[in-house]
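Below are the chains, spelled out letter by letter.
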Amino acid sequence: MDIREVVEKAVKMEQVKKENEIYITEISRCLRYSWYFRRKPIEPSHYALLGSDVHSRLLPIIAEVLTQEGWECDYEVETPVLSIENRLIRGRADVVCISPKRVVIELKTTSNPSVFNKAILFYRRQLWYYMALFKAVLGYLVLIDFQGKIIYSEYHTMSEREFRVFIKEILDRASALISTTPPSREATSFCNICQFRNQCF
């Protein structure tokens, strides 16, 4: 076995898979940001890596606590898959409960766990898309700092009609993301900290 050949083959397969898949995280953010990111990925920051570590350690514990309280929950749950233009649209919700009611919990680790977070709209949109995909009537968005001391949360409800509206929005935004031209700019406070600001404006 030539391990280098194996790894090289795996890398090529992963690249093909990535090109043929669209992730809910991508279409939840500013589409213009995600369009640029697909063409020129950015190395994750120290804070992003730290947040990912805290996030991954908390999720199973949150699911366990909810289970102890009588809920039927799981964490890092793969969404039902949609497709558009021969590409799969998929995602992974942080925590999904199916009993006594269908609920989605989306956890974000951030230096600004508040309603004033510059990415709050994108976080909400991601929660809404997961709620629609899982047909969850209730969703919680939770922002927590890196030390776990400051917690901001909000809840959202969703109707059957809204499920359909958001599914259509997912498909429309996915189509825009894979277009050969950049999607329209979303003018939000996130623009002030966007890594692609110079290309965008």
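Cut-off values and rules
Residues numbered from 1 in each chain as written. Predicted model: local features only at pLDDT ≥ 70, side-chain atom pairs only at ≥ 80, totals over all residues. Heavy atoms only, no water. Pairing = 2+ DSSP bridges. Helix = DSSP H or I, 4+ residues; strand = E, 2+ residues; numbered from the N terminus. Axes fitted to C-alpha atoms, helices over the stretch in contact; angles between N-to-C directions. Contact = heavy atoms within 4.5 Å. Phe/Tyr/Trp six-rings, centres within 6.5 Å; stacked < 30°, edge-to-face > 60°. Lys NZ or Arg CZ within 6 Å of the ring centre and 35° of its normal. Buried < 20%, exposed > 50% of the residue type's maximum accessible area, 1.4 Å probe, protein only. Disulfide = S-S within 2.5 Å. Expected span 1.5 Å × (residues − 1). pLDDT = per-residue confidence, 0-100.

Colleague: Explain the sheet that holds strand β4 (residues 87-90) to me, please; I cannot follow it from the model alone.
Modeller: Either a parallel or an antiparallel arrangement is found when strands of a sheet pair, and the pairing is made through backbone hydrogen bonds. One open sheet holds the 3 strands; their spatial order is β1-β4-β3, and the pairing between them is mixed. Pairing within the sheet leaves two strands with one partner each, and these edge strands are β1 (21-23) and β3 (82-84). Between one strand axis and the next, the sheet turns through 30 degrees on average, direction left out of account. With 3 bridges joining them, β3 and β4 adopt antiparallel strand pairing. When the sheet's bridge partners are listed, I84 is paired in β4 with R87. The strands touched by helix α6 (residues 160-177) are β1, β3 and β4; relative to β3, the strand with the most contacts, the crossing angle is about 40 degrees.

Colleague: Which parts of the structure should I look at to understand the packing of aromatic side chains?
Modeller: Each pair of aromatic rings is reported with the distance of its centres and the angle of its planes. This model, assessed by the stated rule, comprises 9 aromatic pairs. Through a chain of ring-to-ring contacts, three or more aromatic side chains come together here, namely Y33, W35, Y36, F37, F122, F190 and F196. A cation over an aromatic ring shows up here: R39 above the ring of W35, its NZ or CZ 3.7 Å from the ring centre.

Colleague: Just to check I follow, could you spell out the environment of E8 for this structure?
Modeller: Position of E8 relative to the elements: it lies in helix α1 (residues 3-19). Spatially, the C-alpha atom of E8 lies 41 Å from that of A136, the residues being 128 residues apart in sequence.

Colleague: Is there a simple way to think about the pairing of strand β6 (residues 103-109) in this case?
Modeller: Two faces make up the sheet, and in a regular strand the side chains alternate between them. With 7 of its 7 residues buried, β6 lies for the most part within the structure. The alternating pattern of β6 places V103, I105, L107 and T109 on one face and V104, E106 and K108 on the opposite face, and all of these are buried. Alignment of strand β5 (residues 92-99) against β6, held across 3 bridges, turns out to be antiparallel. Looking at β6, one finds that V96 is bridged to V104. The loop that links β5 with its antiparallel partner β6 comprises 3 residues. Strand direction decides the pairing type here: β6 and strand β7 (residues 138-144), joined by 7 bridges, are parallel. Within β7, the residue paired with V104 across the bridge is G139.

Colleague: Any chance you could explain the state of the cysteines here in plain terms?
Modeller: What is meant by a disulfide is a covalent connection between two cysteines, made through their sulfur atoms. Here the structure, examined in full by the defined rule, presents 1 disulfide. Through a disulfide, C73 is tied to C97; the S-S separation comes to 2.1 Å. Across the disulfide from C73 to C97, rotation about the S-S bond amounts to roughly 100 degrees, and the bridge is consequently right-handed. Pair noted here: C73 is in strand β2 (residues 72-78) and C97 is in strand β5, with a separation of 24 residues, a long-range link. Of the two residues, C73 and C97, both sit in the buried class. Residue C30 stays outside any disulfide, its sulfur separated by 6.3 Å from that of C191, the closest cysteine. Cysteine C200 shares no disulfide, and the gap to the nearest cysteine sulfur, in C191, comes to 6.3 Å. Look at C200 and you get buried, because its relative accessible area is 11%.

Colleague: Just checking my understanding: could you explain helix α3 (residues 31-39) for this structure?
Modeller: Think of an α-helix as 3.6 residues a turn; residues three or four steps apart then line up on the same face. Taken together, the buried positions of α3 are occupied by L31, R32, Y33, S34, W35 and Y36. Where α3 is buried, its residues contact α2 (24-28), α6 and α7 (197-200).

Colleague: Sorry, what's going on with helix α5 (residues 120-134) here?
Modeller: Spanning 15 residues, α5 covers 21 Å between terminal C-alpha atoms, matching the ideal 21 Å at 1.5 Å per step. Among the 15 residues that make up α5, 12 are buried, leaving the element largely enclosed by the rest of the structure. Three or more residues of α5 are buried, namely I120, F122, Y123, R125, Q126, L127, Y129, Y130, M131, A132, L133 and F134.

Colleague: Any chance you could explain the confidence of the model for the chain here in plain terms?
Modeller: Reading fine detail from the predicted coordinates is not recommended where pLDDT is low. In the predicted model, the chain carries a mean pLDDT of 89, and the fraction of residues at 70 or more is 94%. Ranking the helices and strands of the chain by mean pLDDT puts α5 first, with 97, and α1 last, with 69.

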